[in-house]
Every structure is written in C-alpha cells, then in structure tokens.
Amino acid sequence: LDELSYPFHVFLRYDVERALFAGELDVATIPQQWNAYMKERLDVDVPDDASGVLQDIHWSFGAVGYFPSYTLGAIMAAQIFAAAEAALPDLSDQIRRGEFAPLREWLRTEIHEVGSTYASPDDLLRAVTGDGIDPAPFLNYLTAKYGALYGL
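Rules used throughout
- In every chain, residue numbers begin from 1 and rise along the written sequence.
- Only residues with pLDDT of at least 70 are given local features in this predicted model, and only at 80 or more are side-chain atom pairs given and counted; all residues enter the totals for whole chains, interfaces and linings.
- Side-chain numbers here rest on the full set of heavy atoms in the structure, without hydrogens or water.
- Nonpolar core, defined: a set of buried Ala, Val, Leu, Ile, Met, Phe, Trp, Tyr and Cys residues in which side-chain atoms within 4.5 Å join the residues together.
- Burial classes follow relative accessibility: with a 1.4 Å probe on protein chains only, a residue under 20% of its type's maximum area counts as buried, one over 50% as exposed, and anything between as partly exposed.
- Two residues qualify as a contact provided that any one of their heavy atoms is within 4.5 Å of a heavy atom in the partner residue.
- Each reported salt bridge corresponds to a side-chain nitrogen of Lys or Arg within 4 Å of a carboxyl oxygen of Asp or Glu.
- Numbering of helices and strands runs from the N terminus; a helix is a DSSP stretch of H or I covering at least four residues, while a strand is a stretch of E covering at least two.
- Multiplying 1.5 Å by the helix residue count minus one yields the expected span of that helix.
- Every definition here rests on a 1 Å grid over the protein atoms only: cavities are sets of points where a 1.4 Å probe fits but cannot get out, pockets are open sets enclosed by protein on both sides within 12 Å along at least five of seven lines, and lining residues have some atom within 4 Å of a point.
- Grid points are joined across faces, edges and corners, and a volume is the space filled by probe spheres set on the points.
- Charged means Asp, Glu, Lys or Arg here, nonpolar means Ala, Val, Leu, Ile, Met, Phe, Trp, Tyr, Cys or Pro, and polar covers whatever is left, Gly included.

## Here we look at the nonpolar core
Here is step 1: In terms of nonpolar packing, the biggest core is built from 11 residues, these being I80, A83, A84, L88, L91, L103, W106, I111, L124, L125 and V128.
Here is step 2: Residue contacts for L125: discarding those within four places in its chain leaves M76, Q79, I80, G130, D131, G132 and I133.
Here is step 3: Within the second largest apolar cluster, 10 residues are counted, among which are I30, W34, Y37 and M38.

## Examining the pattern of salt bridges
Here is step 1: On inspection of all chains with the given rule, the structure shows 13 salt bridges.
Here is step 2: Ionic pairing is found between D93 and R96, a salt bridge with its closest N-O pair at 3.5 Å. With D93 and R96 both in helix α4 (residues 91-96), this residue pair falls 3 residues apart, about one helical turn.
Here is step 3: Accessibility expressed as a relative area gives 65% for R96, which makes it exposed.
Here is step 4: The partner of E99 in a salt bridge is R97, and the shortest N-O contact between them spans 3.1 Å.

## So, helix α3 (residues 68-87)
Here is step 1: With 20 residues, α3 extends 29 Å between its outermost C-alpha atoms, agreeing within 8% with the 28 Å of an ideal straight helix rising 1.5 Å per residue.
Here is step 2: For α3, the complete set of buried residues consists of T71, I75, A78, Q79, I80, A83 and A84.
Here is step 3: In this fold, the buried residues of α3 make contact with α1 (6-21), α4, α5 (101-112), α6 (121-129) and α7 (136-150).

## Let's talk about the layout of surface pockets
Here is step 1: A volume near 200 Å³ is recorded for the largest pocket.
Here is step 2: Lining the largest pocket we find E3, A74, A77, A78, F81, A82, E85, P137, F138, N140 and Y141.
Here is step 3: Secondary-structure elements contributing two or more residues to the lining of the largest pocket are α3 and α7.
Here is step 4: Here the element with the most residues in the lining of the largest pocket is α3; it accounts for 6 residues.
Here is step 5: Here the residues of the lining of the largest pocket sort into 8 nonpolar, 1 polar and 2 charged.
Here is step 6: Approximately 150 Å³ is the volume found for the second largest pocket.
Here is step 7: Lining the second largest pocket we find L4, P7, F8, F11, T71, I75, F138, L139, L142 and T143.
Here is step 8: Among the elements of the structure, α1, α3 and α7 are those that each provide at least two residues to the lining of the second largest pocket.
Here is step 9: Here the lining of the second largest pocket gets 4 residues from one element, more than from any other, and that element is α7.
Here is step 10: For the lining of the second largest pocket, a count of residues per class yields 8 nonpolar, 2 polar and no charged.

What is shown is where atoms sit, not what they do.
Below, the structure is given as structure tokens:
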C-alpha cells in the first residue's frame, strides 16, 4: 500500500470493525467480507488471508477502532506542511538541498513547544494553520503528486 491507497485500506478496516461491533458481521465471515470489499472498492483480488485480512497485527492483540487515526494523521500532516510552506516560502528548495534546519525550527516553535498546551489537536491546527482539521491540503497533495505521475 502507498499513501494514496492506504486511506482506502483504513476505510475498509474501519467498515469491517463497525459492522462487527454492530452485530452485522460474524467473526467467521470477516475474511470473506474483507475480500469482497477489496474487490468492490479497489479491484484487488486477495490471494490469501495473510495478504488480506491478517496483513496487520492490530486485531490479533485487540487493537480495534483506531485505524482512522492513521488517515487523520496524514491529513493533519499535510495541513501543517502547507502552513510551513506558507511561512517558509523557500521550503521546497531547502528540502531539495537537504537543508532541514528552517523547517525543524518552525516545527519546534509552532508545534513541538506548544502542542500539548492546546485542549485538542483541532485547537493546535487552528492556531498553526488558521483552520480546524481540513482534508483539502491532503487531497491537493495527492492530486498534484499522483495526477502528475499518472497524467490525470
């Protein structure tokens, strides 16, 4: 999975968890439901359970319900990076040159030193970016990168 397809994996896993806890899915049928979702949503044929429903270790030790946090983290990271780009106009060129000190300093003052002083991640995002959580920067990033890559 890559950064484009991974959120779909998260959505799929969350939908399975939600159906399971709502009593709409039996544990014994999880692999079949997983495979059906993979085919229906991503047009992927799953060769075996190890490559499908069992590919992650999380369920084996009872870790359920937090998979959406992975996608939320990617959304928030893109939003924070967009704010960093606005504050540091030369950021992309600096990164290309391997110069990370300006970004590190910006992150230190804007995020690391103050992050836990806010009541919620959304409050931190508002302070740093001017908005609560917003998927637009993440979608813009994906569209720019994969649109160029695949000529879309």
